[in-house]
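Structural description and commentary
In case you want the letters, here they are:
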Amino acid sequence: MRHSTIRQLEVFEAIARLNSFTRAAEELFLTQPTVSMQIKKLTDDIGLPLFEQVGKKIYLTEAGKELYQTCQGIFEHFSRFEMAVSNMKGLKSGKLRLAVVTTAKYFTPRLLGTFCQQYPGIDVSLKVTNRERVLERLTGNQDDLFILGQVPESIDAVSEVFLDNPLVVLAAADHPLADQKNISIDRICEESFIMREPGSGTRMATERFFNDHNKKLKVRMELGSNEAIKQALVGRLGIAVLSRHTLALDGPMGQLAELNVEGFPIERHWYFAYPSGKQLSVVAQAFLEYLRHADDYLEDLSCRHAISGHCPLLKNG
Ligand code: PGA
């Protein structure tokens, strides 16, 4: 095993955790042949197979299970060492690993911009993925801090609200409902609806809202990205419920309208979270403190107008 590299162990750990070569390749920004090659080398060094494939599923062999446990120990020691070193350096340098849900990408990079201006030596890595995967990363203690909607009670984590996240009904600016007031939920259910993918927090909150009102949406299409949904709205494929944050950069010539629908916006919030008992690095603590004032930092930025509920750029907004 002395020939195995940390990179190979990283690749192995990601496959074992995600139960998939494809997802591991995606997460590590590698191609699938590279991932397979790394595992082949590692398997050759160890001299025993690490995975077995039954049908389309992969399982860890006994040797694979042992190695997975060993990897977890190694990476935990590494991250403790990294933290100790970065704490010694204070806020002059160090690493901040963030994982945020897809919709939080509309404001997190802006917040990071001002934070990094204050602490230029800090090296930031930002993982953007949907709610389900962020929850997996939170449970696996894979990053320093997480930004998402409310954390389920079944997960042992510390979390705190730091920003509002209103979910609104959007349509093309020239949609027949765009000029109407107090549109009923029944009327919305007559329209073709474009829904986020399973695992999305926006989808979860939307489904809960319509279920709570005993109403059924006419879902015409599922799309895995807020931007793709906005394009579909402009293409008049239907209407959708999205966070008002998704409109952050849409200028005065915006091609979307926020519909005035009874019961909307759905009041959702952004939380930062980390696993209970996790020792936060000095850098993570500084960012957490910074997030507590996110509202003030966003105040100066143009996107603040789009999320305040009085957006001059939106019809009815
Ligand atoms: P999503 O999460 O980007 O996965 O939809 C947003 C949310 O939880 O509100």
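Values in this document were obtained by computation on a predicted structure and should not be read as measured data.

A look at unusual backbone geometry
- Following Phe-264, the chain continues into Pro-265 via a peptide bond in cis, with omega recorded as 0 degrees.
- Looking at the secondary structure, you find Pro-265 in the loop between strand 10 (256-259) and strand 11 (266-275).
- The phi torsion at Phe-29 lies on the positive side, around 55 degrees, for a residue other than glycine.
- Mapped onto the fold, Phe-29 is located in the loop between helix 2 (21-27) and helix 3 (32-46).
- In this structure Phe-29 comes out as exposed when scored by relative accessible area, which is 73%.
- A positive phi is found at Asn-141, a non-glycine position, where the angle reads about 50 degrees.
- Within the element layout of this structure, Asn-141 appears in the loop between helix 6 (131-139) and strand 5 (145-148).

Looking at the domain arrangement of the chain
- Its domain assignment divides the chain into domain 1 (6-71), domain 2 (93-164 + 269-297) and domain 3 (167-267 + 304-308).
- Domain 1 puts 5 residues into the contact, and the matching count from domain 2 is 5 residues.
- Between domain 1 and domain 2, a total of about 450 Å² is buried, with carbon and sulfur atoms accounting for 26% of that surface.
- When the buried surface of domain 1 facing domain 2 is broken down by residue, Arg-17, Arg-23 and Glu-27 rank first, second and third, together holding 77% of it.
- Across the domain 1-domain 2 interface, the total number found is 3 salt bridges.
- Arg-137 is the partner of Glu-27 in a salt bridge, and the nearest nitrogen-oxygen pair spans 3.2 Å.
- If you list the elements that add at least two residues to the side of domain 1 that touches domain 2, you get helix 1 (6-18) and helix 2.
- For the side of domain 1 that touches domain 2, the leading source of residues is helix 2, giving 3 residues.
- Split by residue class, the side of domain 1 that touches domain 2 holds 1 nonpolar, no polar and 4 charged.

Considering the nonpolar core
- In terms of nonpolar packing, the biggest core is built from 36 residues, with Leu-96, Phe-107, Phe-162 and Phe-287 touching the most fellow members.
- If you list the elements that add at least two residues to this core, you get strand 3 (94-101), helix 5 (108-118), helix 6, strand 5, strand 6 (157-172), strand 11, helix 10 (282-291) and helix 11 (294-299).
- In terms of residues, this core owes the most to one element, helix 10, which gives 7 residues.
- Contact partners of Phe-162, with chain neighbours within four places excluded, come to Phe-107, Ile-147, Trp-270, Tyr-271, Phe-272, Leu-291 and Ala-294.
- Within the second largest apolar cluster, 22 residues are counted, among which are Val-169, Ile-183, Val-241 and Leu-259.

What to know about the packing of helix 1 against helix 3
- At a minimum axis distance of 9 Å, the contact between helix 1 and helix 3 shows a crossing angle of 110 degrees. The pairing of helix 1 with helix 3 is recorded here as roughly perpendicular in orientation. Where helix 1 approaches helix 3, its residues Arg-7, Gln-8, Leu-9, Val-11, Phe-12 and Ile-15 are matched on the opposing element by Val-35, Gln-38, Ile-39, Lys-41, Leu-42 and Asp-45.
- A breakdown of the residues in the contact of helix 1 with helix 3 according to their chemical character gives 7 nonpolar, 2 polar and 3 charged.

Considering the site of the ligand
- Close contacts around the ligand come from 13 residues, with Thr-103, Ser-200, Gly-201, Thr-202 and Arg-268 the closest.
- In the complex, the protein chains occlude 100% of the 280 Å² of accessible area that the ligand would expose alone.
- Counting residues per element, the ones that place at least two in the shell around the ligand are helix 8 (201-212) and strand 11.
- Its residues placed into classes, the shell around the ligand shows 2 nonpolar, 8 polar and 3 charged.
- Shared between two domains, the shell around the ligand takes at least three residues from each, and those domains are domain 2 (93-164 + 269-297) and domain 3 (167-267 + 304-308).

Let's talk about the side chain of Asp-144
- Considering the arrangement of structural elements, one finds Asp-144 in the loop between helix 6 and strand 5.
- A distance of 2.7 Å separates a polar atom in the side chain of Asp-144 from the backbone nitrogen of Arg-97.
- Apart from residues no more than four positions distant in its own chain, Asp-144 is found in contact with Lys-95, Leu-96, Arg-97, Tyr-274, Lys-278, Leu-280 and Ala-284.

Overview of the confidence of the model for the chain
- Per-residue confidence for the chain gives a mean pLDDT of 90, with 92% of residues at or over 70.
- Segment residues 301-317 is flagged for pLDDT under 50; beyond a separation of four residues in sequence, or across chains, it makes 39 contacts in the model.

Observations regarding the packing of aromatic side chains
- Taken as a whole, this structure holds 13 aromatic pairs when the rule is applied.
- Here Phe-287 and Tyr-290 contribute two aromatic rings whose centre-to-centre distance is 5.7 Å and whose plane-to-plane angle is 25 degrees, an arrangement assigned as stacked. Here Phe-287 pairs with Tyr-290, and both are found in helix 10, just 3 residues apart, close to one helical turn.
- Among the aromatic residues, ring-to-ring pairing joins Phe-107, Phe-162, Trp-270 and Phe-272 into one connected group.

Here is what the cut-offs are and how they apply
- Residues numbered from 1 in each chain as written.
- Predicted model: local features only at pLDDT ≥ 70, side-chain atom pairs only at ≥ 80, totals over all residues.
- Heavy atoms only, no water.
- Helix = DSSP H or I, 4+ residues; strand = E, 2+ residues; numbered from the N terminus.
- Buried < 20%, exposed > 50% of the residue type's maximum accessible area, 1.4 Å probe, protein only.
- Domains from an automatic or database assignment.
- Contact = heavy atoms within 4.5 Å.
- Buried area = accessible area lost by both parts, 1.4 Å probe.
- Salt bridge = Lys/Arg side-chain N within 4 Å of Asp/Glu carboxyl O.
- Nonpolar A, V, L, I, M, F, W, Y, C, P; charged D, E, K, R; others polar.
- Core = buried A, V, L, I, M, F, W, Y, C linked by side-chain atoms within 4.5 Å.
- Axes fitted to C-alpha atoms, helices over the stretch in contact; angles between N-to-C directions.
- Parallel < 35°, antiparallel > 145°, perpendicular 65-115°, else oblique.
- Near = heavy atom within 4 Å.
- Areas by Shrake-Rupley, 256 points an atom, 1.4 Å probe, with all protein chains shown as cover.
- Polar contact = N/O pair within 3.5 Å; in protein donor to acceptor, adjacent residues only side chain to side chain.
- pLDDT = per-residue confidence, 0-100.
- Phe/Tyr/Trp six-rings, centres within 6.5 Å; stacked < 30°, edge-to-face > 60°.

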